[in-house]
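Chains, contacts and geometry: an overview
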Amino acid sequence: MAGGTDMIFNPTPGPSPTNRRGESRAEPPSIPMGGPRGLKMTAPSAPHSLVVSNIEVIYNSVILVLRGISLEVAPGSIVSLLGPNGAGKSTTLKAISGLLRSELGEVTRGQIVWGDQRLDNEPAEEVVRRGVVQVIEGRLLFRHLTVEENLRIGGMVYQGGRHIREDLQRVYHYFPQLRALARRVSGYLSGGEGQMLVIGRALMAHPQLLMLDEPSLGLAPMLVHEIFAIIREINRQEGMSVLLVEQNARAALELADYAYVMEDGRIVLDGPAEQMRENEDIKEFYLGLNQAGGRKNYRDVKHYRRRKRWLG
Ligand SMILES: Nc1ncnc2c1ncn2[C@@H]1O[C@H](COP(=O)(O)OP(=O)(O)OP(=O)(O)O)[C@@H](O)[C@H]1O
Ligand SMILES: [Mg+2]
């Protein structure tokens, strides 16, 4: 596994937090008043776009998983990557974030360009330093540490941790529940709270591009709606781009500006989210609706008509 930032954003599950329960801890810093305008935001550098061109990824030197993926995330936009299990969605994010290496994967063809710099096969910590942060699937936290300690660790990678105090307030502004849970041991959080914490921890690193892998997994629809609304708010207020991998196509297409559909290591369809919501294949296959607007059983869908292949 590569250096420290891997561990910060993707810790392995820790020991049970039981023995830490009830320990007294220092009070979290007092909360300044003033809402978003009162918060001190660090000015972002010129916004970058992410351009992935025709990448191939091979695991263990033999297994070809991505077969020429091309996609683009314009500065400040929210882009969703949809597709069935095993399509290669997580692999695509890991190729961008540099986390592939720790899984013996490699980008063997094509390029990943962020602003004017190549990211393909850069170490994960360098990618984070350049403002591209991935929240991996599974809400991995330092389970024996408190909510605030998890956030503080996320803040260490940004300018040597010099902005942690104001960034904690920034994260608590977006996720008020986390403020209330600041001293709670994170191993006891609910699924929704844990999801808020992993996103909050990533925000502490000041991403210009936040990549989320299935944040809705296992959450009730109301909670998905709430978390996606917060992602939209952060995107609007901070101009942060988002690349969102989702199985929940309905929620993802409501949030996203643009979407790509992947199957078997290739992009098979893409377009503005509002067009995708109206696309008959998407409705049938991912939203479970037939033309009359009723729900359709997936088993009834015999053929998924591939209208477009992006060969990069
Ligand atoms: N470390 C690895 N070594 C070998 N093969 C892998 C590795 N990681 C993933 N794969 C394979 O690559 C393919 C794509 O996996 P990936 O996890 O990217 O899919 P996904 O679209 O994210 O699926 P899901 O929706 O189930 O999360 C799968 O066939 C998977 O078995
Ligand atoms: Mg995945």
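The structure reproduced in this document is the subject of the present report. Everything numeric here is computed off the predicted structure, so don't read it as measured data. (Residues numbered from 1 in each chain as written. Chains lettered and ligands numbered in written order. Predicted model: local features only at pLDDT ≥ 70, side-chain atom pairs only at ≥ 80, totals over all residues.)

1. Regarding the site of ligand 1
Test applied: By convention here, the C-beta atom is placed from the backbone, and a residue is near a molecule or strand when that atom is within 6 Å of it. Counting from the N terminus, the helices are the DSSP runs of H or I reaching at least four residues and the strands are the DSSP runs of E reaching at least two. Under the scheme applied, nonpolar residues are Ala, Val, Leu, Ile, Met, Phe, Trp, Tyr, Cys and Pro; charged residues are Asp, Glu, Lys and Arg; polar residues are all the others, including Gly.
Lining the immediate surroundings of ligand 1 are 15 residues, of which Tyr59, Asn85, Lys89, Ser90 and Thr91 lie closest. The set of elements that each furnish at least two residues to the shell around ligand 1 consists of strand 2 (63-73) and helix 3 (89-97). For the shell around ligand 1, the element with the highest residue contribution is helix 3, accounting for three residues. Taken together, the residues of the shell around ligand 1 sort by class into four nonpolar, nine polar and two charged.

2. Digging into the sheet that holds strand 1 (residues 50-59)
Backbone hydrogen bonds hold the strands of a sheet together, and the pairing may be parallel or antiparallel. Let me state the cut-off plainly: Two strands make a pair as long as DSSP finds a minimum of two bridges between them.
Spatially, 2-1-4-5 is the arrangement adopted by the four strands of the open sheet, whose pairing is antiparallel. Both edges of this open sheet fall to strand 2 and strand 5 (117-118), since each of them pairs with a single strand only. Relative to strand 2, strand 1 runs antiparallel, the two being bridged by eight bridges. From the neighbouring strand, Val52 faces strand 2, where its bridge partner is Leu71.

3. Here we look at the packing of helix 5 (residues 147-155) against helix 6 (residues 164-174)
So the rule is basically this: The angle between two axes is taken between their N-to-C directions and runs from 0 to 180 degrees, where each axis is a line fitted to C-alpha atoms and a helix contributes only its stretch in contact. Every angle not falling under 35 degrees, over 145, or within 65 to 115 is termed oblique; those three ranges are roughly parallel, roughly antiparallel and roughly perpendicular. Handedness of each helix crossing follows the sense of rotation of the near helix against the far helix: counterclockwise by less than a right angle gives left-handed, clockwise gives right-handed. Whether two residues are in contact depends on their C-beta atoms, placed from the backbone: they are in contact if these lie within 7 Å.
Viewed as axis vectors pointing N to C, helix 5 and helix 6 meet at an angle of 120°, and their least axial separation amounts to 10 Å. Comparing their axes, helix 6 and helix 5 come out oblique. The hand of the helix 5/helix 6 crossing is right-handed. Of the residues in helix 6, those touching helix 5 at Glu148, Leu151, Arg152 and Gly155 are Ile164, Asp167, Leu168 and Val171. In terms of residue class, the contact of helix 5 with helix 6 is built from four nonpolar, one polar and three charged.

4. Side note on helix 3
Selection rule: Exposure in this text rests on C-beta crowding, where 20 or more other C-beta atoms within 10 Å of a residue's own make it buried, 12 or fewer make it exposed, and counts in between make it partly exposed. The C-beta atoms are placed from the backbone.
Of all nine residues that make up helix 3, eight are buried, and the element is covered over most of its length. Taken together, the buried positions of helix 3 are occupied by Lys89, Thr91, Thr92, Leu93, Lys94, Ala95, Ile96 and Ser97. Trailing helix 3 by a residue or two, Gly98 shows a phi angle of about 85°, which is positive.

5. Points about the pairing of strand 1
With antiparallel pairing between neighbouring strands as the criterion, strand 1 and strand 2 make up a hairpin whose turn holds three residues, including Asn60 at a positive phi of roughly 50°. Where strand 1 lies against strand 4 (residues 105-114), eight bridges are found, and the strand directions are antiparallel. In the sheet register, Val51 faces strand 4, and the bridge partner there is Val113.

6. Section: unusual backbone geometry
For Gln159, which is not glycine, the phi torsion reads 45° and is therefore positive. Looking at the secondary structure, you find Gln159 in the loop between helix 5 and helix 6. Judged by the 13 C-beta atoms lying within 10 Å of it, Gln159 falls in the partly exposed class. Residues other than glycine seldom take positive phi values, yet His206 does so here, at roughly 55°. On the secondary structure map, His206 appears in the loop between helix 8 (191-203) and strand 7 (209-213).

7. Examining the nonpolar core
Threshold: Defined on buried residues, the nonpolar core groups Ala, Val, Leu, Ile, Met, Phe, Trp, Tyr and Cys residues joined through C-beta atoms within 7 Å.
With 82 residues, the main nonpolar core has Met211, Leu243, Leu244, Ala252, Ala256 and Ala259 as its most contacted residues. Ranked by residues supplied to this core, first place goes to helix 8 with six residues. For Met211, the residues in contact, after removing those within four places along its chain, are Leu93, Ile96, Ser97, Val133, Gln134, Val135 and Leu243.

8. Observations regarding the packing of helix 5 against helix 8
Two elements in contact, helix 5 and helix 8, have axes whose closest approach is 7 Å; the angle formed by their N-to-C orientations is 35°. You can see that helix 5 and helix 8 cross each other, and the crossing is right-handed. Facing helix 5, whose interface residues are Val147, Asn150, Leu151 and Gly154, helix 8 presents Leu197, Gly200, Arg201 and Ala202. Here the contact of helix 5 with helix 8 is composed, by residue class, of four nonpolar, three polar and one charged.

9. Regarding the sheet that holds strand 10 (residues 266-272)
The strand order across the open sheet built from six strands is 6-7-8-3-9-10, with neighbouring strands paired in mixed fashion. Edge strands, defined here as strands with exactly one partner in the open sheet, are strand 6 (132-135) and strand 10. When the angles between neighbouring strand axes are averaged without regard to direction, this sheet yields 15°. Pairing of strand 6 with strand 7 involves four bridges; the strand directions are parallel. Counterpart to Gln134 in the pairing with strand 7 is Met211. Of the strands in this sheet, strand 3 (78-82), strand 6, strand 7, strand 8 (241-246) and strand 9 (258-263) are in contact with helix 3, which crosses strand 7 at around 150°.

10. What to know about the environment of Asp116
As for its placement among the helices and strands, Asp116 is situated in the loop between strand 4 and strand 5. Classification of Asp116 as exposed rests on a count of 6 C-beta atoms within 10 Å. When the C-alpha atoms of Asp116 and His48 are compared, they prove to be 8.1 Å apart, with 68 residues separating the residues in sequence.

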